[in-house]
Every structure is written in structure tokens, then in C-alpha cells.
Amino acid sequence: MPASAGPARGPDATLTSVLALPRLRPRTAVLGGLGFLLLIVLLMAWRAWQVRSDLDGARTYGEALRSSLDRRDLDNAQVAMQEFQKHADAADSGTHGPTWWLVSHLPVVGDDAAAVATVARAMGEVADAAAPVLDQAAGIDAGSMRPVDGRIPMDPLRQIAGPVATLSRSVADATRSIEGLDGSYIGPLARARTQAADLLSQVQPQLATAATVVRELPDFLGADRPKRYLVVFQNNGEIRATGGLPGSGGELVADDGRLQLVRTFSPVQAQQQTPARFSFTPAEDALYGPYLSRYPGVFLNSMPDDDRAVQLFADGARTWLGHSVDGVLMMDTVTLSYLLEATGPVEVKGVRLDARNAVDQLLYGTYARYATNPEQDAFFEATSSTIFDRLTTGSPDAGALVSALRRSFSEGRSHFGFLDSGLRPLGTALSPEPGPATMRIGFNDVGSSKLSYYLRTKSAVSTSCTASGSVLTGSATLTSTAPADVSSLPAYFNVYGLHWQPVSLGGELVQTVLALPRGMSARDVTIDDAATTVRRAMVDGREVLAVQVDIAPGATHVVRWTARGSQQAAPSVVVTPGVVAGAAPLTETSTGCS
């Protein structure tokens, strides 16, 4: 006969056994009652400790899971997922049964127990939703998304879209449940609640973006009809508010998963040869008019507004390409270096480009090797074409590609804007529209040199809020690291600056553009604490200001401003990145703000 399974174990089974004990004499009953109460207290304390320990474990392995996925380490991610699910399920199970029922009905700690049960249930539901996503992600990373005969398979995207959407909803629901808990909780349980809320709130926006991206990517890839995009490669060596000079461009066609860069060209040269007509606003004329109206192809993206730049580039594409486009994809030279992490090294016209040397080779080496603009444009166009061919027809590392794009978007180096209404959710997910409390700090080389290769910026914004309003003070420090002997530089680095603008030899004329949060106005704007000429205009309800300074080699100048307004929120600040990998240096502080 099979061995008996024996009595159930655990605190709930023990409690049930105690309740089933025979009746005793009065004195014995009193002593037994006290012992019973002591036992119940010990059981409840043990169960509470166990649940808290499991919640701590779920948080620890949840963070390990996120970290492993960030590193594209799917083996450790699988291990972390198993442990996360084990601890989350154990915590959820631990908040059921008679022991926890008693805990939840006790005075003082009852509310804490109910709150912990909510946290445990939420974490358990997240764990259950996360497992299928990780299984699908492992298949994609193993190569199921690699191009086949130049076509990106879309079935894996469709398969993972549902699980990712479910996980996103689960995390959003869990976050609302935990954040909706009110009351004051004792130390260990309060920490468990706070830690779980922190973990979920960190991953929730990332998952919401991922859910939109995987749902909309087949449409972007031309699943229903061919899509045409203008790709603008921005040259950080001549900085613009959205990244850099539109040095080279291309027409990207997406048709049933096949991506082809069917042509490359120079937007600057195209505008000179086949001028497109642009309708600039009075505000744009006031802020950028001397440059924008005379050389629109060169300064088309001078405003710190990605969506406006997309609109203008799309207007230009109708003339340059001879037809309209479904969207505009903007990315800078540093992004190309990130993409080379996924493709591996490439060779362009005898020059080996890899993730480490691409920025230097493209933004300095090009001008050292080629003396004329057509030669330089040809090299830039060949580079973009070669990298895109490797991405779409080679075998790029899918995880490295996702990381490269995610990094570029987070640093403000890439922006996707779509004119096709069906694609706009994808554009919003990848490039969120700035809210009313957003401040943009942009930089334009208006001398049209290539000296932004040597430009370094550092910004700081401090906001103080009171009942009567807020005061925003900020600074942008601009430093030229160019050598004192400019004769050692390629001649093209300063040739336009010598002819277009009265700029010192080797100096860079930089316009700093400040797009303030809505409802704020600046009156005090200085350069090196001295008054300066300020261009000022209202753009979509925001005050935008522009000042410019000639930065000699080795010199540093500081633009400072003070703005006032009625809102009580500290702004989110977006700064134009430069040639150094990573986000633009920025320090933000706030006092008394929501």
C-alpha cells in the first residue's frame, strides 16, 4: 500500500490542530488559553516574517531580472525569472488561510496585513504575466528576428505582442493597487510596500513603450502596404538644436518586412539644386531668420522642437525625393557608432569603422581625407548606406540593436516622427511629446563650421516653488577644446565661419536657444554675467529665447537666465547632446515643487 501522506504541515495546519484540541479543566484551560494565544502570536509573527522575506526575495530577483535583460543576459534572466516567480507566488500564498485571516483582523496590524496581501497578490500576478514574455524574448534573441533574404520576419513580433501587452497591463494594475493603499504601516511592511511600488513604477513606462512598439512595428515594416521614410543623418560636428547639420539623408522603403535604403543624398546639396519652399512662422523668422531664410537646407532643424523639424524635413522631401513620405527618422553620428555595436565593424572606401572610432573618423577624419564638399558627402552617404545594408541584410546582434536604439532615444539622439496617422502611436512611444513643463536647451553652430567636434556643454537648472509661483534659474556652460593653433586643423573646419559670419579664426559662433516651460517668462539673460542681445518669441504658448557667442579655442562662456511663472512643478529638461557618447551633461535641482 502506498505510504500515507501524513497530516498537513505549516502554521495554518498547526492552527487548525490547536483549535481541534479537547476541552480542559478551568485552570488548565486558562493556562492552555494563554499558551494558545502565545502560539497564535508566534504563528502569526512567523507567517508575517515569511511573507515579508518572500516579498524581499521577489523584489531582489525582480531587480536582477531587469538588470539581466538590460545586459541582454537571457541565461541569468531565466534564473532570475524563476526565483522571482517562486518568491512572488510564495508571498501571495502566504497571505491566504486562517493564520493571515487572523492577522488581518487584529487591531493596529490588521491594516498592514491587508496591505501586504494586496502587494503580494499584485507581485504574483506580475510574475505570472512576465514568464511568457521572457520565453518569447529568448526565441527572438536566439535569432528569429534576423533578416531572411533581406526581410525581417514579423511573426515573432505578432506572437510576443499579446504577452507584452498583458504584462504591461498587469504591471499598471499592480502599480495602481499598491499606490492606492493608504494609511500608516509598521516598518518592515511599509518597506515591502515601498520597495515593490518603486520596482513596478520603474518598469511600467518601459513596458508601456515596449507594448506599443511590438504592436506597431509590423505596420512600420510595411505589413499592410509599402512605407516610405526620409532618413536624416545629423552631423554632430556642426551642432543643431535637434542634433546636428542634416549632412546626409536617404529614402528608406519598408515593404512586407524588407527595409531598403533605396537612395542616399545630401539634403543641403538637394536644397541648393532643387530648392523646396518652406513656410516659416514669424516666430521662427524672429529667432533664426538670418540663417534659416537664407540657407534653409543648412539650418532647417535649428529649433529645439523635433516634431517641427520632422514637419519641415517632410515638406522638403516632397521636392527632394519627388513624392511625400510616411515619416521622418532623424539620428546623429553618435547613434551610428551605437549601431556598429550591433553590426560589427564595416569598411567604407578603405576606412575601417567600428563603435570606438566611428565618431572620430566621421567628424574629423572625413575632413582630413577629403578637401571638397562632394567628396565628404559621398563618404557620409556611403557610410550610412553600408551600415543600413549590414543591419537589414546581415546578421546583426538583435539584443545589441535594441540596446543601441534604446540608448539613442533616451539620450535624445534619435527621433521618429510619422505623418501616417496609423504610425503615430509608434512615434509617440519612441519619442514622447514634451509636456507643458518641459524645458528645451538647444545649440546651433550658426557660423557653419565643423568645430562642434570640439564643443563641450554643461547645463544646470534649479527650480524653487512657493505658494505664489516658481522661479527657474539656469546656466549653459560652453567650452571650446579646439587647439590654439587652428592651422593644424583640416581647412574645412572653419572655412564657412570665415565667410558667412564675423567669427574669430578658430572660433565657433554658437546660438543657445532656450524654450521655457509654458507659463514662464525670462527677463534676466546674460553671457558671462554681462547683458547681451536676446532674440525672443512665443512658440506654441512657450517663450523661446536665443543668444549667441563667439567661442575662441580653449575659451569658456556661460549663458545664465532667470525665469518666473505660476506653475508648481519642476520642469523636465532636454538638452541637445554633442559628440561625446552619453546624455548631455545636466544638473537638475528643485525646492518645494511637486
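The coordinates are above.
Note that the structure is predicted; figures quoted are calculated from it, not measured. (Residues numbered from 1 in each chain as written. Predicted model: local features only at pLDDT ≥ 70, side-chain atom pairs only at ≥ 80, totals over all residues. Heavy atoms only, no water.)

1. Focus on the overall build of the chain
When its secondary structure is counted, the chain shows 17 helices and 18 strands. For the chain, the residues scored as buried account for 52% of the 594 residues in total. The contacts of the chain with a sequence gap of at least 6 include a subset with a gap of at least 24, amounting to 74%. Accessible area for the chain stands at about 26,500 Å²; split by element, carbon and sulfur atoms hold 54% of it. (Helix = DSSP H or I, 4+ residues; strand = E, 2+ residues; numbered from the N terminus. Buried < 20%, exposed > 50% of the residue type's maximum accessible area, 1.4 Å probe, protein only. Contact = heavy atoms within 4.5 Å. Areas by Shrake-Rupley, 256 points an atom, 1.4 Å probe, with all protein chains shown as cover.)

2. Regarding the pattern of salt bridges
This structure, assessed with the given rule, holds 24 salt bridges. Residue arginine 413 pairs with glutamate 411 through a salt bridge whose shortest N-O separation is 3.0 Å. Across the pair, exposure class does not vary: arginine 413 and glutamate 411 are buried alike. (Salt bridge = Lys/Arg side-chain N within 4 Å of Asp/Glu carboxyl O.)

3. What to know about the side chain of asparagine 235
Locating asparagine 235 in the fold gives a position in strand β1 (residues 227-235). Within the structure, asparagine 235 has its side chain in polar contact with the backbone nitrogen of glycine 237 (distance 2.7 Å). Discounting residues that sit within four places of it in the chain, asparagine 235 has contacts with Gly244, Leu245, Gly247, Thr333, Leu363, Tyr367, Phe380 and Lys450. (Polar contact = N/O pair within 3.5 Å; in protein donor to acceptor, adjacent residues only side chain to side chain.)

4. Overview of unusual backbone geometry
Phi at lysine 349 takes a positive value of approximately 50°, unusual for a residue other than glycine. Along the polypeptide, lysine 349 turns up in the loop between β5 (346-348) and β6 (351-353). Classification of lysine 349 as exposed rests on a relative accessible area of 52%. Non-glycine residue aspartate 540 carries a positive phi angle of around 50°.

5. Some details on the state of the cysteines
Applying the stated criterion to the full structure yields one disulfide. The disulfide partner of cysteine 465 is cysteine 593, and the S-S distance across this bridge is 2.0 Å. Residues cysteine 465 and cysteine 593 share a disulfide whose torsion about the S-S bond is about 95°; that sign makes it right-handed. Pair noted here: cysteine 465 is in strand β9 (residues 455-466) and cysteine 593 is in the segment after β18 (586-591), with a separation of 128 residues, a long-range link. For the pair cysteine 465 and cysteine 593, one class covers both residues: buried. (Disulfide = S-S within 2.5 Å.)

6. Quick word on the sheet that holds strand β13 (residues 530-531)
Strand order across the open sheet formed by six strands is β13-β12-β16-β10-β9-β18, with mixed pairing between neighbours. Whereas interior strands pair on both sides, the edge strands pair on one side only; in this sheet they are β13 and β18. (Pairing = 2+ DSSP bridges.)

7. Remarks on the packing of aromatic side chains
Per the stated rule, a full pass over the model turns up 20 aromatic pairs. Ring geometry for tyrosine 229 versus phenylalanine 418: centroids 6.0 Å apart, planes at 75°, classification edge-to-face. Placement of the pair is tyrosine 229 in strand β1 and phenylalanine 418 in strand β7 (residues 414-418), with a sequence separation of 189 residues. With respect to burial, tyrosine 229 and phenylalanine 418 carry one shared label: buried. Ring centres of tyrosine 453 and phenylalanine 493 lie 6.3 Å apart, and the angle between their planes is 80°; on these two criteria the pair is classed as edge-to-face. Here the residue tyrosine 453 occupies a position in the loop between β8 (438-445) and β9, and phenylalanine 493 occupies one in the loop between β10 (469-480) and α17 (495-500), the gap between them amounting to 40 residues. The structure contains a cluster of three or more aromatic residues connected by ring pairs, namely Tyr364, Tyr367, Phe380, Tyr453, Tyr454, Tyr492 and Phe493. (Phe/Tyr/Trp six-rings, centres within 6.5 Å; stacked < 30°, edge-to-face > 60°.)

8. Points about the environment of serine 590
Mapped onto the secondary structure, serine 590 falls in strand β18. Taking the C-alpha atoms as reference points, serine 590 and proline 571, separated by 19 residues in sequence, lie 9.1 Å from one another.

9. Quick word on the packing of helix α12 (residues 333-343) against helix α15 (residues 398-410)
Helix packing geometry: the angle between the two helix axes and the distance between the axes. Two elements in contact, α12 and α15, have axes whose closest approach is 7 Å; the angle formed by their N-to-C orientations is 165°. Relative to α15, α12 is oriented roughly antiparallel. Crossing of α12 against α15: the hand is right-handed. Contacts between α12 and α15 pair Thr335, Tyr338, Leu339, Glu341 and Ala342 from the former with Ala400, Leu401, Ala404, Leu405, Arg407 and Ser408 from the latter. When grouped by side-chain class, the residues that make up the contact of α12 with α15 number seven nonpolar, two polar and two charged. (Axes fitted to C-alpha atoms, helices over the stretch in contact; angles between N-to-C directions. Parallel < 35°, antiparallel > 145°, perpendicular 65-115°, else oblique. Left-handed = near helix turned anticlockwise from the far one by under 90°. Nonpolar A, V, L, I, M, F, W, Y, C, P; charged D, E, K, R; others polar.)

Note that all results are geometric; they support no functional claim without further evidence.
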